[in-house]
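Chain residues, written in single-letter form:
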Amino acid sequence: MKGCIVEAEFWLARWLKEDIGFHQEDGHPKLPQYWLKPVDGPQEICVPLCGKSHDLRFLSQFGPV
């Protein structure tokens, strides 16, 4: 489990410095183009490990995220 501890420490240090590397200023530019809109009304949308993605705002117009 030593690898997991080192990895956790690495990511905690980057999080504290706000140097995550994968957060974008805006949502993913291709999401609206490729998102399959629900046919039968709102749906629940699960976005695992989403962080503070702006994509959640886009997805929330189609149902609870």
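Note that the structure is predicted; figures quoted are calculated from it, not measured. (Residues numbered from 1 in each chain as written. Predicted model: local features only at pLDDT ≥ 70, side-chain atom pairs only at ≥ 80, totals over all residues. Heavy atoms only, no water.)

**Notes on the overall build of the protein chain**
When helices and strands are tallied, the protein chain shows three helices and zero strands. Beginning at the N terminus, the succession of helices and strands in the protein chain can be written as α-α-α. For the protein chain, restricting intrachain contacts to residue pairs at least 6 apart in sequence, the fraction spanning at least 24 positions comes to 40%. When the accessible surface of the protein chain is totalled, it reaches about 5900 Å², and 60% of it is carbon and sulfur. (Helix = DSSP H or I, 4+ residues; strand = E, 2+ residues; numbered from the N terminus. Contact = heavy atoms within 4.5 Å. Areas by Shrake-Rupley, 256 points an atom, 1.4 Å probe, with all protein chains shown as cover.)

**Things to note about the side chain of Asp-55**
Relative to the assigned elements, Asp-55 resides in helix α3 (residues 55-59). It is Arg-57 that comes nearest to the buried, bridge-free Asp-55 among opposite-charge side chains, at 9.5 Å. Apart from the residues within four sequence positions on either side, Asp-55 is in contact with Gly-27, His-28 and Leu-31. (Buried < 20%, exposed > 50% of the residue type's maximum accessible area, 1.4 Å probe, protein only. Lys, Arg positive; Asp, Glu negative; His and termini not counted. Salt bridge = Lys/Arg side-chain N within 4 Å of Asp/Glu carboxyl O.)

**Points about the nonpolar core**
Taken as a class, soluble globular proteins show a tendency for nonpolar side chains to be buried jointly. Judged by nonpolar contacts, Leu-31, Ile-45, Phe-58, Leu-59 and Phe-62 together constitute the single largest core of five residues. With near-sequence residues (within four places) excluded, Ile-45 lies in contact with Trp-35, Leu-59, Phe-62, Gly-63, Pro-64 and Val-65. (Core = buried A, V, L, I, M, F, W, Y, C linked by side-chain atoms within 4.5 Å.)

**A word on the packing of aromatic side chains**
Going through the model one piece at a time under the given rule, you end up with one aromatic pair. Seen from their ring centres, Phe-10 and Trp-11 are 5.1 Å apart, and the 80 degrees between their planes marks the pair as edge-to-face. Here Phe-10 falls in the partly exposed class, since its relative accessible area comes to 41%. (Phe/Tyr/Trp six-rings, centres within 6.5 Å; stacked < 30°, edge-to-face > 60°.)

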